[in-house]
Amino acid sequence: MDVLALQALKKEINKDFDNVKDLKTLDELRVKYLSKKGIITELNSKIKEIPNEEKKDYGMKVNEVRSYFNDKYESLKTTLEKEALEMKLAKEKIDLTLPSVKFKTGSPNILEKLIEEVEELLISMGYDVLDGPEVEEDKYNFEMLNLPKGHPARDAQDTFYLENEELLLRSQTSPVQVRAMLAKGGVEPIRMICPGKTYRRDDDDATHSHQFMQIEGLVVDKNISLSDLKGTIDLIVKRLFGDDTITRFRPSYYPFTEPSVEVDISCFKCKGEGCNICKNTGFITVAGAGIVHPHVLEMAGYDPKEWTGFAFGFGADRLAMLKYGINDVRVFYNTDLRETKEFDRVEE
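Residues numbered from 1 in each chain as written. Predicted model: local features only at pLDDT ≥ 70, side-chain atom pairs only at ≥ 80, totals over all residues. Heavy atoms only, no water.

A.B. asks: Please explain the overall build of the chain as it appears in this structure.
C.D. replies: Scanning the chain for helices and strands turns up eleven helices and ten strands. Computed over the C-alpha atoms, the radius of gyration of the chain is 41 Å, more than 25% above the 20 Å expected from 2.2 N^0.38 for a compact globule of 348 residues. Once the C-alpha set of the chain is aligned to its principal axes, its extents read approximately 125 × 50 × 35 Å. Within the chain, counting contacts between residues at least 6 apart in sequence, those at least 24 apart form 65% of the total. When the accessible surface of the chain is split by element, carbon and sulfur atoms take 52% of a total near 20,200 Å². Within the chain, the 63 negative side-chain charges are centred at a point lying 8 Å from the centre of the 50 positive side-chain charges. (Helix = DSSP H or I, 4+ residues; strand = E, 2+ residues; numbered from the N terminus. Rg over C-alpha atoms; globule rule 2.2 N^0.38 Å. Contact = heavy atoms within 4.5 Å. Areas by Shrake-Rupley, 256 points an atom, 1.4 Å probe, with all protein chains shown as cover. Lys, Arg positive; Asp, Glu negative; His and termini not counted. Charge placed at Lys NZ, Arg CZ, Asp CG, Glu CD.)

This is the structure in structure tokens:
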């Protein structure tokens, strides 16, 4: 390669670099000169055809061209990358004076919030919070609660049976109470609550669900009376609905308590005057309760001549609907943000 050929190649390189406008065309230029079939690569491969006495001079000239190309390539590449970055930053520029976008972060589930509120109160009174299996045995769900096979009260619960009518989805959290009594062996007092999921065959509509939450409580000790039950219920409903709430007991029937009562509270909206929530009665039914049936105590190992107790059960879904003015129980289990915005309103 003589001096004129070297200058001509450099001139061609300069011309090609003058036409480069972006990184893409710059890379195409690299391929043109430095790829396996590139111009400079082919010049380098021809060194074997050069006489030995001229190889050194030829090799130096090829290297000079390669260095010349690389220097211009790296310099232009740095410039183009900087320009590309500046253009990208300009396009993605953030105006810090614009109002921020509010992202939906969710809020605590109302049922959990209400259950925790009841738990905190009763824990402060010395109650234990217990849990049990949701797939339960008939023995604990019915028989040991004074509901033997064939008992008509079983039909009212519309149970989900799983296997030979011996395994089922628990229709109440009362089996946890039975297990707690058995664990104490009939010789120790009990003070416990068992919030949790329960299941019954029911239509899903605004006020019913095949799955719902219960909060049940049990106290077993000596000299327990109905007045102890009423005092406990009073504390719970006052915590949830206000200190001016009045509790009323009405006679009722449950196989596992005797006597049994329905628990009513004075309407928190109309204060007893009558409205659409209390159906103009002034009171709202919120729970079932009673003194533990002697037969239930006896089956669990407690001597009913020495031990007595009371039990109560609230529907957490119903309490939350009343407390927060929610008209559709399905809202608790939906993930539609247009519906769960009601939860945000409660938290505010």
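Now that the structure is up, let's keep going.
A.B. asks: For this particular structure, what's the right way to read the nonpolar core?
C.D. replies: Where a protein is soluble and globular, its nonpolar side chains tend to be buried together. Core analysis: the biggest nonpolar cluster contains 45 residues, and Val286, Phe312 and Phe314 have the highest contact counts within it. Those elements giving two or more residues to this core turn out to be helix H5 (110–124), strand S6 (211–221), helix H8 (226–241), strand S8 (257–266), strand S9 (283–292), strand S10 (308–315) and helix H10 (316–324). The greatest single-element share of this core, amounting to seven residues, is contributed by H5. Residues within four places of Val286 in sequence aside, it is in contact with Val263, Ile265, Gly313, Phe314, Gly315, Arg318, Leu319 and Leu322. One finds Leu145, Ala180, Val292 and Val296 within the second-largest nonpolar core, a separate group that totals 23 residues. (Core = buried A, V, L, I, M, F, W, Y, C linked by side-chain atoms within 4.5 Å. Buried < 20%, exposed > 50% of the residue type's maximum accessible area, 1.4 Å probe, protein only.)

A.B. asks: Looking at this structure, I do not really get the sheet that holds strand S4 (residues 167–169). What am I missing?
C.D. replies: The strand order S2-S4-S3 describes an open sheet built from three strands, whose pairing is antiparallel. Of all strands in the sheet, those with a lone pairing partner are strand S2 (135–137) and strand S3 (160–163), marking the two edges. With strand direction ignored, the average angle separating the axes of adjacent strands in the sheet is 40°. In terms of strand pairing, S2 meets S4 through three bridges, oriented antiparallel. Residue pairing for S4: Glu137 is matched across the bridge by Leu167. (Pairing = 2+ DSSP bridges. Axes fitted to C-alpha atoms, helices over the stretch in contact; angles between N-to-C directions.)

A.B. asks: Mind showing me how you'd approach the pairing of S10 here?
C.D. replies: Looking along a regular strand, one sees the side chains alternate between the two faces of the sheet. Sheet topology note: the S6/S10 ladder contains eight bridges and is antiparallel. Bridge pairing in S10 links Gly217 to Phe312. Here five bridges tie S9 to S10, and the two strands are oriented antiparallel to one another. Pairing of Gly288 across the sheet is with Gly313, part of S10.

A.B. asks: I'm lost on the confidence of the model for the chain in this one. Help?
C.D. replies: Note that predicted coordinates carrying low pLDDT should not be read in detail. Across the chain, pLDDT averages 85, with 91% of residues at or above 70. Element-level mean pLDDT values for the chain span from 57 in helix H11 (residues 337–347) up to 96 in strand S1 (residues 128–129). (pLDDT = per-residue confidence, 0-100.)

A.B. asks: For this particular structure, what's the right way to read the packing of H5 against H8?
C.D. replies: When two helices pack together, their arrangement is given by the angle between the helix axes and the distance between those axes. Between H5 and H8, the least distance of the axes is 10 Å, while the angle of their chain directions is 135°. In this view, H5 runs oblique relative to H8, as classed from their interaxial angle. Note that H5 runs across H8; the crossing there is right-handed. Between H5 and H8, the residues in contact are Leu114, Glu117, Val118, Leu121 and Leu122 and Thr232, Leu235, Ile236, Arg239 and Leu240, respectively. Residue classes in the contact of H5 with H8 are distributed as seven nonpolar, one polar and two charged. (Parallel < 35°, antiparallel > 145°, perpendicular 65-115°, else oblique. Left-handed = near helix turned anticlockwise from the far one by under 90°. Nonpolar A, V, L, I, M, F, W, Y, C, P; charged D, E, K, R; others polar.)

A.B. asks: What exactly am I supposed to notice about unusual backbone geometry here?
C.D. replies: Excluding glycine, residues mostly carry a negative phi; peptide bonds, for their part, are mostly trans. The omega torsion of the bond from Glu258 to Pro259 falls at 0°, within 30 degrees of zero and hence cis. One non-glycine residue, Asn146, lies in positive phi territory at about 70°. Checked against the element boundaries, Asn146 lands in the loop between helix H6 (138–141) and S3. Backbone geometry at Asn223 places phi at a positive 65°, although glycine is not the residue there. For Asn223, the location among the structural elements is in the loop between S6 and H8. Here Asn223 falls in the exposed class, since its relative accessible area comes to 73%.

A.B. asks: What should I look at first to understand the packing of aromatic side chains in this one?
C.D. replies: In this description, an aromatic ring pair is defined by two values, namely the gap between the centres and the angle between the planes. Counted by the stated rule, this structure contains seven aromatic pairs. Ring centres of Phe69 and Tyr73 lie 6.1 Å apart, and the angle between their planes is 15°; on these two criteria the pair is classed as stacked. Of the two residues, Phe69 and Tyr73 both sit in helix H4 (residues 52–91), four residues apart, roughly one turn of that helix. Each member of the pair Phe69 and Tyr73 is classed as buried. An aromatic cluster of three or more residues is present, and its members are Phe17, Tyr33, Phe69 and Tyr73. Note that Lys10 overlies the ring of Tyr68, its terminal NZ or CZ placed 5.3 Å from the centroid. Lying over the aromatic face of Trp307, Lys222 brings its terminal NZ or CZ to 5.2 Å of the ring centre. (Phe/Tyr/Trp six-rings, centres within 6.5 Å; stacked < 30°, edge-to-face > 60°. Lys NZ or Arg CZ within 6 Å of the ring centre and 35° of its normal.)

A.B. asks: Any chance you could explain the pattern of salt bridges here in plain terms?
C.D. replies: In a structure, side chains of opposite charge can pair up when their charged atoms sit close to one another. Summed over the entire model, instances satisfying the criterion amount to 14 salt bridges. Among the salt bridges present, the one from Lys10 reaches Glu64, with a minimum N-O distance of 2.7 Å. Taken together, the residues span a long stretch of sequence, with Lys10 in helix H1 (residues 3–18) and Glu64 in helix H4 at a distance of 54 residues. Judged by relative accessible area, Glu64 falls into the partly exposed class, the value being 37%. Asp138 is paired through a salt bridge with Lys149; the nearest N and O atoms lie 3.4 Å apart. (Salt bridge = Lys/Arg side-chain N within 4 Å of Asp/Glu carboxyl O.)

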